[in-house]
Amino acid sequence: MAWNDVSALWQDIALTVLFLVPALLTGALVLRGYAPWPLVRAILWRFRGASALFVLLIAVSVGMGIGLLAQERGLRRGTAQAADKFDLVITAPGSELTAMLATVFLQPADMGLLDGATWDEIAGHDSVALAAPLAFGDSFGASAVVGTTLGFARYLADGQITGRPWQAEGEALIGALVPLEIGAEFTPAHGVGDAVDDHAHGDAHIRVVGRLGRSGTPWDRAILVPIETVWEVHGLANGHAPGTGRLGPPFDAAYFPGAPAVVVHSDALWANYALRSEFTRDRETMAFFPGAVLAQLYGVLGDVRQVMSLMALVTQALVAASVLLGLFILSRLFRRQIALLRALGAPARFVFAVVWCFGAALLLSGALLGLCAGVGTASVLARVVTARTDVLVAAPVGWTEIHFLAVFVSVTLLLSLLPAAIVLRQPVVQGLRS
Amino acid sequence: MTGGLPVSVSGLCVTGAGGRVLLSVSSLALPPGALVGVRGPSGAGKSTLLYALAGLIAARGRVCWGDTDIMPLSAEKRARFRAGNIGMIFQDFLLFEELGAGDNAALSALFLPRAQRRELRARADARLSALGLGNHAGRSVASFSGGERQRVAIARAMASGAPVLLADEPTASLDRGTADRLTADLIGLVRGNGTTLVVVTHDARLIDRMDRVLTIADGALVSDEAAPHGLE
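Keep in mind it's a predicted model, so treat the numbers as computed, not measured.

**Considering the overall build of chain A**
No. 1: Of regular secondary structure, chain A possesses 14 helices and 11 strands.
No. 2: Against the 2.2 N^0.38 benchmark of 22 Å for 434 residues, chain A shows a C-alpha radius of gyration of 31 Å, more extended than a compact globule.
No. 3: Taking all 434 residues of chain A together, the buried fraction comes to 50%.
No. 4: At a minimum sequence separation of 6, the contacts of chain A that also span at least 24 residues come to 78%.
No. 5: Of the roughly 19800 Å² that chain A leaves accessible, carbon and sulfur atoms contribute 63%.
No. 6: With 28 positive and 32 negative side-chain charges, chain A shows a spacing of 32 Å between the two charge centroids.

**Structural notes on the pairing of strand E9 (residues 212–217) of chain B**
Residues and elements named next belong to chain B.
No. 1: For E9, the buried fraction is high: 5 of the 6 residues fall into the buried class.
No. 2: Pairing between strand E3 (residues 35–39) and E9: 4 bridges, direction parallel. Residue pairing in the sheet places Val 38 in a bridge with Leu 214 of E9.
No. 3: Pairing geometry for E9 and strand E10 (residues 220–226), over 6 bridges, is antiparallel. Its bridge partner lying in E10, Arg 212 is registered against Ala 226.
No. 4: In sequence, E9 turns back onto E10 through a hairpin of 2 residues, with Asp 218 there showing a positive phi of about 50 degrees.

**Observations concerning the interface of chain A and chain B**
No. 1: On the chain B side, the residues contacting the 24 residues of chain A number 25 residues.
No. 2: Together chain A and chain B conceal approximately 2400 Å² of surface at their shared face, both sides included; 65% is due to carbon and sulfur atoms.
No. 3: At the junction of chain A and chain B, the tally comes to 3 salt bridges.
No. 4: The closest approach of N and O atoms between Glu 98 of chain B and Arg 46 of chain A, which form a salt bridge, is 2.6 Å.
No. 5: Among the elements of the structure, helix H2 (37–46), helix H10 (335–343), helix H11 (348–389) and helix H14 (428–433) of chain A are those that each provide at least two residues to the side of chain A that touches chain B.

**Some points on the pairing of strand E3 (residues 143–148) of chain A**
All names here are of chain A.
No. 1: Here E3 lies mainly inside the structure; 6 of its 6 residues are buried.
No. 2: Judged by which residues are buried, E3 turns out to be covered on both faces: Ser 143, Val 145 and Gly 147 on one side and Ala 144, Val 146 and Thr 148 on the other are all buried.
No. 3: Two strands pair when backbone bridges link them, and strand E2 (residues 130–140) and E3 are joined in this way by 4 bridges, in the antiparallel orientation. Each residue of the ladder has a partner; that of Phe 140, found in E3, is Ser 143.
No. 4: Counting the residues between successive antiparallel strands, the hairpin from E2 to E3 contains 2 residues, one of them, Gly 141, with a positive phi of roughly 60 degrees.

**Comments concerning the side chain of Thr 229 of chain A**
No. 1: Along the chain, the position of Thr 229 of chain A falls in helix H7 (residues 227–233).
No. 2: Here Thr 229 of chain A is in contact with Glu 169, Gly 170 and Ile 206 of chain A, once residues within four sequence places are set aside.

**Some thoughts on the nonpolar core**
No. 1: Counting residues in hydrophobic clusters, the biggest one holds 94 residues, and the most contacted among them are Trp 65 and Leu 166 of chain B.
No. 2: No other element matches H11 of chain A, which puts 13 residues into this core.
No. 3: Leave out the neighbours within four places in its chain, and Leu 166 of chain B touches Leu 50, Leu 53, Ala 54, Trp 65, Ile 86, Gly 87, Met 88, Ile 89 and Val 198 of chain B.
No. 4: In terms of nonpolar packing, the next biggest core, distinct from the first, is built from 41 residues, Phe 152, Val 209, Tyr 298 and Val 385 of chain A among them.

**Comments concerning unusual backbone geometry**
No. 1: Pro 249 of chain A connects to Pro 250 of chain A through a cis peptide bond whose omega is 0 degrees.
No. 2: Residue position: Pro 250 of chain A is located in the loop between H7 and strand E10 (261–265).
No. 3: The backbone of Leu 106 of chain A shows a phi angle near 55 degrees, a positive value even though the residue is not glycine.
No. 4: Looking at where Leu 106 of chain A falls in the secondary structure, it is placed in the loop between helix H4 (96–104) and helix H5 (116–123).
No. 5: The backbone phi angle of Phe 93 of chain B is positive, close to 65 degrees, even though this residue is not glycine.

**Structural notes on the packing of aromatic side chains**
Residues and elements named next belong to chain A.
No. 1: Under the definition given, this model contains 13 aromatic pairs over all chains.
No. 2: Measuring from ring centre to ring centre gives 5.6 Å for Trp 231 and Phe 251, while their planes differ by 80 degrees; the resulting arrangement is edge-to-face. Of this pair, Trp 231 sits in helix H7 while Phe 251 sits in the loop between H7 and E10, placing them 20 residues apart in sequence.
No. 3: Looking at Trp 231, the relative accessible area reads 3%, which means it is buried.
No. 4: Ring pairs connect the aromatic residues Phe 86, Phe 152, Tyr 155 and Trp 219, which therefore count as one cluster.
No. 5: Across from the ring centre of Trp 45, 4.1 Å away, lies the NZ or CZ of Arg 48, which sits over that ring.
No. 6: Lying over the aromatic face of Tyr 155, Lys 85 brings its terminal NZ or CZ to 5.0 Å of the ring centre.

**Here's the deal with the packing of helix H3 (residues 48–82) of chain A against H11 of chain A**
All names here are of chain A.
No. 1: As a packed pair, H3 and H11 sit with axes 5 Å apart at the nearest point and diverge in direction by 40 degrees. Taken together, the axis directions place H3 and H11 in an arrangement best described as oblique. Crossing hand, H3 versus H11: right-handed.
No. 2: Residue classes in the contact of H3 with H11 are distributed as 20 nonpolar, 9 polar and no charged.

**Thoughts on the domain arrangement of chain A**
The parts lose accessible area when they come together, and the size of an interface is often stated as this lost area.
All names here are of chain A.
No. 1: By the assigned domains, chain A splits into domain 1 (3–82 + 296–433) and domain 2 (88–288).
No. 2: For domain 1 versus domain 2, the separation of C-alpha centres amounts to 51 Å.
No. 3: Contacts between the two partners involve 9 residues from domain 1, matched on the other side by 9 residues from domain 2.
No. 4: For the pairing of domain 1 and domain 2, the buried interface totals around 730 Å² over both sides, and the portion due to carbon and sulfur atoms is 61%.
No. 5: Three residues stand out in domain 1 for area buried against domain 2, namely Ala 82, Asp 390 and Leu 392, and they jointly supply 63% of the buried area on that side.

**Describing the environment of Trp 65 of chain B**
All names here are of chain B.
No. 1: Here Trp 65 shows up in strand E4 (residues 60–65).
No. 2: Residue classification places Trp 65 among the buried positions, given a relative accessible area of 1%.
No. 3: Along the primary structure Trp 65 and Arg 82 are separated by 17 residues, whereas in three dimensions their C-alpha atoms are 11 Å apart.
No. 4: Reaching out from Trp 65, the side chain makes a polar contact with the backbone oxygen of Leu 53 at a distance of 2.8 Å.

Procedures and definitions
- Residues numbered from 1 in each chain as written.
- Chains lettered and ligands numbered in written order.
- Predicted model: local features only at pLDDT ≥ 70, side-chain atom pairs only at ≥ 80, totals over all residues.
- Heavy atoms only, no water.
- Helix = DSSP H or I, 4+ residues; strand = E, 2+ residues; numbered from the N terminus.
- Rg over C-alpha atoms; globule rule 2.2 N^0.38 Å.
- Buried < 20%, exposed > 50% of the residue type's maximum accessible area, 1.4 Å probe, protein only.
- Contact = heavy atoms within 4.5 Å.
- Areas by Shrake-Rupley, 256 points an atom, 1.4 Å probe, with all protein chains shown as cover.
- Lys, Arg positive; Asp, Glu negative; His and termini not counted.
- Charge placed at Lys NZ, Arg CZ, Asp CG, Glu CD.
- Pairing = 2+ DSSP bridges.
- Buried area = accessible area lost by both parts, 1.4 Å probe.
- Salt bridge = Lys/Arg side-chain N within 4 Å of Asp/Glu carboxyl O.
- Core = buried A, V, L, I, M, F, W, Y, C linked by side-chain atoms within 4.5 Å.
- Phe/Tyr/Trp six-rings, centres within 6.5 Å; stacked < 30°, edge-to-face > 60°.
- Lys NZ or Arg CZ within 6 Å of the ring centre and 35° of its normal.
- Axes fitted to C-alpha atoms, helices over the stretch in contact; angles between N-to-C directions.
- Parallel < 35°, antiparallel > 145°, perpendicular 65-115°, else oblique.
- Left-handed = near helix turned anticlockwise from the far one by under 90°.
- Nonpolar A, V, L, I, M, F, W, Y, C, P; charged D, E, K, R; others polar.
- Domains from an automatic or database assignment.
- Polar contact = N/O pair within 3.5 Å; in protein donor to acceptor, adjacent residues only side chain to side chain.

Below, the structure written as structure tokens:
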């Protein structure tokens, strides 16, 4: 059976075992035929304070490594999930990354506008199931005020709206985390963040009529309003011929003031590719998949992740090495007992096994405790990152971390052969007389 | 009766740092089952003789226990020889405080082949009983008095049924009464088993119970005489 035919779970289990083989082999070879447990327990108990400290040190370093790795993957998944609803985005030509950050993550950016003719072409395309213009630039508190269509608001929240959808200009639907109540009124400020001008739209009053379901994206903190409202607040045409009183699409190209981005959803996957190709035009429009832009970003960061994993492993190996050095120093304290064992006729390998087991017990306890600490760290970090970025991050410890732990255990158990070997070289008579 | 081993020493020379001679014994022969005391001033080389007899120290010459000259053996083979033939007792007992008396006495079982462990444990229990600690095998030795601890150490040294017992100042850490009782028990046990006993001591009462007394001074064997029974 080829490796690729094996299920992912079994591949992960097999890899874990493979990584643990050096540790298991070392243990089997060192301990074969001996039962040093009572002595190891006795030594652990005698040096319980130092042992507990060593276990804690190892646990903290392992926990931090595991927590960070899990977190990094969680963040990657979370950001990818945030881009889920944005199959294809069409903007004026520019930076795909900037446009992606502006549309998916609502990061303020100066972007060119798409005109009415382009909008017509997109909205009227046969393959397009949903096209929604987005208008950024205003804010209320920490929330971006985004003008769009009701269709997009429903699509974003998977239809989950508490309260009611907007029915007129000057009404708003708020994201799940916006600190406003249904029925509240507010005046949007022009600009976002430091560049905000609170008084530019002084006469505009917007009333909250509904709340969208939680999406786990930065849009949970956004306030959605009819795009006509944004246009009108800025003194522009509202997308419809005067006197029609319409809200939402279709828009009249002649009265379409422009939108920085249009989100397009198509029911067929192939259609997305066709649309991207069709709307990628020099000096006119740029069409891109936010997921692909994120993937490119991850590709660049992928090397960093590998370096990070390696650094975490090296750091932990260093912590383990210093713990083993500590063990070696500690072993000077029980050199009389070690010498006694030799005087009683204990084979060198038995003495070696006792010292190695002592180190192994600390390393294994530290590693296991570190795994638990890692799960805890990852979950706390996930909460912090979720709170700070509004990207819902779940960071369960996965197989990568288990593999990482297996490598750590194997490397350190091999390393702990060293102090055991050094202890064995101490002269017996000096030990007995010390 | 397990019976003791005879020892013959010839041309034994132990040197320290810088080539200084720590101990030199040209010839010494002890019969099996002999109880031999080694006395002399501190630093004379008594313990060095004991360690040389145990094969724990690098030396020139011959130390033959029965037919086995332990000097040419590797450290590992000497350890194996000790495991089967030599029990050792130290002034400050060298017990594992965290273990019970029974576990301390049967310490060697931890590195013996599985098949021999049960037998060694049984013998360790029997020795503890013979030394009056039969009811205390499970108690941690941390709660034991000095005399009890040394009894546990004796049980440990004799648990393997070794034909030779080497003791380094076994009564030095005990008060007079305890030392006397321990001496009586120790001698009763080794005589009963026919064990060869070599004991380094300053304790005149212990010396008095020996068959032979060696005197070491300045790293040399200066006298080898039958014990002056009744001395002091």
